[in-house]
Amino acid sequence: MTYIARDQWEQHFSDGKGFRQVGERERELLAGHTPAPDCGGRALDVGCGTGELAVYLASLGYTVDAADFAGSALDRAREEHACVEGVRWLQLDIERDDPSPLHEEGYDLVVLRLMYPFLKDRGRVLHGLGERLRDGGALVVITPVAENTPEERRGIALDEDEIALVGAGWRTVDRMDADGLAFLLLRGPCHAGTRAVERRRPPSGPAATAALAVVTDASGRVLLGRSHRGMWELPGGKTHGPEPFEVAAVRELAEETGLAAEVGNAYVVAMLADAAGDVPRLTAVVRITAWSGTLSNPEPDKFARWEFFDLHALACVGTVFVPAAHALDAVWPGVIPGLPPVVSYPIAIEQPPVPGEPAEAVRLRQAMAQTVIDGGWAPSEPVRAALRTVPRHRFVPEANLTAAYDGGDRAVVTRRDETGTAISSVSAAWLQAAMIENLCLKPGAIVFEAGSGGYNAELIAHVAGPEGQVVTADVDPWVVRRTRRFLTEAGSGRVTAIEADAALGAPAHLVPRDGFDGSVITYNCWDVSPAWREQLAEGGRLVLPLAIGGYTRAVTFERHGQVLEARRFTHCGFVRDQGQQARTIPASVLLDGELTLRFQEGGPAPTTGLERALRGPRHEVATGITMGAGAYFGSLQLYAATTLPAFCRLHAHQDTGVTAITKDRDAPAVLGDASLAYLTHVHTRHGERPEDKEWEWVVHAFGEQGPQLAEQLAATVGAWDRHVRADDNDKHTDPVLTVHPAGTPDRLLPTGDVLDKEHSRLVFRWPGRNGHLPAPARHTDTIAVTAGEA
């Protein structure tokens, strides 16, 4: 039976035909090597047919999902095994259908019996099933072997090369014999990383020119061929004489895969220059935006088969021909990490967007949007529609769909520096929605975005409508190249990506005559750039993640002349600034690296004598102010950072007991002469339920001035409790905040607590604080400053 079409299988089972029965040896191996966990387990039988194997797995103690794409097979299974409990029959094409019917929490055992050779995209299916295994789970492939199968039926069997490929990317592979069938037991899907390799025999001659075709299917998956050289390759090859690269790519695609494309749908998007041995090599990357025909293998002497791969799986497909790997990276930068060097010349072209996404992406996008809407972060219909429409996964191709469409707090990191620190990401969807909502955009709005990636800009473009425009800027050339490619692949055409230090604003020719209707900054900012204010229209809104005493809030400002007035605060976290306004936080290391004092605003303060004080007695003041589980205290951090002179943050690197601060955590602190006080919370009431638990704010202090500093800090907590805190986490009082240009004299500032930055002066007006502008505090004056009402 070498059926390839669903209707053939439907007829097969409708005619009452069956399949090879499960042999005793297969049963023994399954029972001996994959017993059900003591607490029960869940198994998936892929290609279950009429259900014999599924019933056997149920007898071993598994709860079984039995899946087949043939409805006639499942009808027989339900009828023949009507009395069997613990089996759920699912009509599902494992290659093409949305896998939503499968169990969300995964499986302890997945079995593919006598069906693996029928799969077209074997690597993709096996990779996806491996991702569904629970810890300690196993995947079993039971298949005929080519050498034991008659020549005319070898289409249903695997040769030794294919059997070896099945086990690639798994920690352990055990092969056993089951009455002539290969029983492959796979554990620990490690998805071995992709490795770019050259062919054994490099080309000869003065130079080699070639074209590679990058083709995706209706689900957005990319076509790769498994060559007999033992590597994955793209369709393509050498050019013939003066043949244009686009023509060569279309020709090679037809010759190698049977797919037809028009030259008008072929676009050279990059040129790659490297060398194979001593031979220079020039490779054109040709993006095919439309094609027709049925995938086949017209050159079986060169290729074993062709498959479509999910983009997020390209980082773990094994060996890939070097130019093919670089070509994939040229279309989707970052999708394959760790590639060897190449000189790549991106080509600016007018390429149409390329459609294609699986049904699973549509379902997950709607679910993500609903999660954001239910959380109250997207009250307006334009933002809701953008969340439901813009394909987030196409701007993070290295992430699987579940990660791309996580509706919670997950951001998808897309770039890290040499230390592993995230320097570029796609933020959590709820935060992006909230920041866009706060822009209050009208149809046709023109918006500036600082910090690129593509997805957030497309959300804004969707909200601004067909007449709207977005200018997005980033200082990192790699990020800009990536953003441009993704906007070309899946964008609206209404976003312009530029390489520039976003802190300097947009180039003059891209700034509207009356300024941008809105601006959004997508990285952590220590200061407010003058350009962001000057390029903003009167009454326009600026939303940026502003670091205040080291605590970041996405603050929504509205421009009124030279003053920015805060309208909303949102707790958030972003990657750091990398441009001219990037700032290194001054710090002092104490006790041989056990502690660090970080001075988030201004320069480092003197710490002479502090280490000696830290080795002395610790003073403690209980505030009497408590909080329960889930209580929000971010407003306390902000209140302390903006009202306490000599504010700093004390970070503990070890659990030494000196400070009672948990390792790798920090605490708000104030510094005096050889003295320090800092705020922690201690567990004062325990219980089984969250509502039974309670913590109290406690101040600890060291040094001669410690008791006075502690009282000051305790008074700050008391003032916060009286004037800012609310029982409802969403009702804490925000300060009235205005941002004024640096150099604005005190007499022109409103009364409040002033925080001076390099380019701006921030004035905070908290309830209960009615005093005058504080003079810059000397550390010796710290204990004399009132922390509560003035």
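Bear in mind that the values here come from a model prediction, so they are computed numbers and not experimental data.

Q: Quick question: what am I supposed to make of the overall build of the chain here?
A: Of regular secondary structure, the chain possesses 18 helices and 36 strands. Along the three orthogonal principal directions, the C-alpha set of the chain runs to about 95 × 65 × 50 Å. Burial status across the chain gives 55% buried among its 790 residues. Contacts spanning at least 24 positions in sequence make up 63% of the contacts within the chain whose residues lie at least 6 apart. Accessible surface, the chain: about 33600 Å² in total, of which carbon and sulfur atoms supply 49%. Of note, the chain has its 77 positive side-chain charges centred 2 Å away from the centre of its 105 negative side-chain charges.

Q: How do you make sense of the sheet that holds strand 30 (residues 647-652) when you look at a structure like this?
A: Backbone-to-backbone hydrogen bonds join strands into a sheet, with any given pair of strands oriented parallel or antiparallel. Overall, antiparallel pairing links the 7 strands, which are arranged 27-28-30-31-32-33-29 in an open sheet. Looking along the sheet, the strands with just one partner apiece sit at the ends: strand 27 (587-590) and strand 29 (619-628). Ignoring which end each strand starts from, the neighbouring axes of this sheet average 30 degrees apart. One ladder, built from 5 bridges, connects strand 30 with strand 31 (residues 666-672); its direction is antiparallel. Counterpart to Cys648 in the pairing with strand 31 is Ala669. Set on the sheet, helix 18 (residues 706-723) makes contact with strand 29, strand 31, strand 32 (675-685) and strand 33 (694-702); between it and strand 29 the angle comes to about 15 degrees.

Q: Whenever I open this one, the sheet that holds strand 17 (residues 343-346) confuses me. Can you help?
A: Sheet architecture is open: 5 strands sit in the order 12-9-14-13-17, paired in mixed fashion. Every other strand in the sheet has two partners, leaving strand 12 (236-238) and strand 17 as the edge strands with one partner each. Across the sheet, the mean angle separating the axes of adjacent strands is 20 degrees when strand polarity is ignored. Against the sheet, helix 7 (residues 245-257) engages strand 9 (208-214), strand 12, strand 13 (266-276) and strand 14 (279-288), with an angle of about 65 degrees to strand 9. Each of strand 9, strand 13 and strand 14 touches helix 8 (residues 322-331); the most contacted strand, strand 14, lies at about 45 degrees to it.

Q: Explanation requested: the packing of helix 1 (residues 6-14) against helix 4 (residues 71-80) in the structure shown.
A: Between two packed helices, the angle of one axis relative to the other and the distance separating the axes together describe the packing. Helix 4 packs onto helix 1 with a crossing angle of 30 degrees between their chain directions and a minimal axis gap of 7 Å. The angle between helix 1 and helix 4 places the two elements in the roughly parallel class. Touching Trp9, Glu10, Phe13 and Ser14 of helix 1 are Gly71, Ser72, Ala73 and Arg76, all from helix 4. Of the residues belonging to the contact of helix 1 with helix 4, the class tally is 3 nonpolar, 3 polar and 2 charged.

Q: Explanation requested: the packing of aromatic side chains in the structure shown.
A: Aromatic rings considered in pairs are described by the distance between their centres and by the relative angle of their planes. Under the definition given, this model contains 15 aromatic pairs. Geometrically, the ring pair formed by Trp291 and Phe308 is stacked, given 6.2 Å between the ring centres and 15 degrees between the ring planes. Pair noted here: Trp291 is in the loop between strand 14 and strand 15 (303-309) and Phe308 is in strand 15, with a separation of 17 residues, a long-range link. Of the aromatic side chains, those joined through ring pairs into one cluster are Trp9, Phe13, Phe19 and Phe118. Over the face of the ring belonging to Tyr551 we find Arg649, whose NZ or CZ atom lies 4.0 Å from the ring centre.

Q: Help me understand the pairing of strand 5 (residues 133-144) in this model?
A: A regular strand places its side chains so that they alternate between the two faces of the sheet. The element strand 5 is largely enclosed, with a buried count of 9 among its 12 residues. Regarding the hand of the β-α-β motif, the stretch spanning strand 4 (residues 107-113), helix 5 (residues 122-131) and strand 5 is right-handed. Here 7 bridges tie strand 5 to strand 7 (residues 181-189), and the two strands are oriented antiparallel to one another. Bridge pairing links Leu139 to Leu186 in strand 7.

Q: Looking at this structure, how should I read the nonpolar core?
A: Side chains that are nonpolar tend, in soluble globular proteins, to be buried together. Counting 77 residues, the largest nonpolar core has Val222, Leu234, Val285, Leu314, Trp332 and Leu387 as its most contacted members. Apart from the residues within four sequence positions on either side, Val222 is in contact with Val214, Val215, Thr216, Leu234, Glu307, Phe308, Phe309, Leu311, Leu314, Leu328 and Trp332. Judged by nonpolar contacts, the second largest core, of 58 residues, contains Leu636, Phe647, Val717 and Trp720.

Q: Would you take a moment to explain helix 13 (residues 455-464) for this structure?
A: Given 3.6 residues to a turn, an α-helix orients residues that are three or four positions apart in the same direction. Counting buried residues in helix 13 gives 9 out of 10 residues, a clear majority hidden from the surface. Taken together, the buried positions of helix 13 are occupied by Tyr455, Asn456, Ala457, Glu458, Leu459, Ile460, Ala461, Val463 and Ala464. One or two positions beyond helix 13, positive phi appears at Gly465, with a value near 85 degrees.

Q: Hey, could you run me through empty space enclosed by the protein in this one?
A: Going through the model one piece at a time under the given rule, you end up with 2 cavities of 30 Å³ or more. In this model, the largest cavity occupies a volume close to 340 Å³. If you trace the largest cavity, you find 30 residues lining it, with Gly451, Ser452, Asp474, Thr522 and Tyr523 closest to the centre. If you list the elements that add at least two residues to the lining of the largest cavity, you get strand 19 (422-426), helix 12 (429-439), helix 13 and strand 21 (469-474). Tallying contributions element by element places strand 19 first for the lining of the largest cavity, with 4 residues. Residue composition of the lining of the largest cavity, by class: 12 nonpolar, 12 polar and 6 charged. Its boundaries defined by the atoms lining it, the second largest cavity holds a volume of some 40 Å³.

Parameters at a glance
- Residues numbered from 1 in each chain as written.
- Predicted model: local features only at pLDDT ≥ 70, side-chain atom pairs only at ≥ 80, totals over all residues.
- Heavy atoms only, no water.
- Helix = DSSP H or I, 4+ residues; strand = E, 2+ residues; numbered from the N terminus.
- Buried < 20%, exposed > 50% of the residue type's maximum accessible area, 1.4 Å probe, protein only.
- Contact = heavy atoms within 4.5 Å.
- Areas by Shrake-Rupley, 256 points an atom, 1.4 Å probe, with all protein chains shown as cover.
- Lys, Arg positive; Asp, Glu negative; His and termini not counted.
- Charge placed at Lys NZ, Arg CZ, Asp CG, Glu CD.
- Pairing = 2+ DSSP bridges.
- Axes fitted to C-alpha atoms, helices over the stretch in contact; angles between N-to-C directions.
- Parallel < 35°, antiparallel > 145°, perpendicular 65-115°, else oblique.
- Nonpolar A, V, L, I, M, F, W, Y, C, P; charged D, E, K, R; others polar.
- Phe/Tyr/Trp six-rings, centres within 6.5 Å; stacked < 30°, edge-to-face > 60°.
- Lys NZ or Arg CZ within 6 Å of the ring centre and 35° of its normal.
- Right-handed = clockwise from strand over helix to strand, strands pointing away.
- Core = buried A, V, L, I, M, F, W, Y, C linked by side-chain atoms within 4.5 Å.
- 1 Å grid on protein atoms, 1.4 Å probe; cavity = no way out; pocket = protein on both sides within 12 Å on 5 of 7 lines; lining within 4 Å.
- Points joined across faces, edges and corners; volume = space filled by probe spheres on them.

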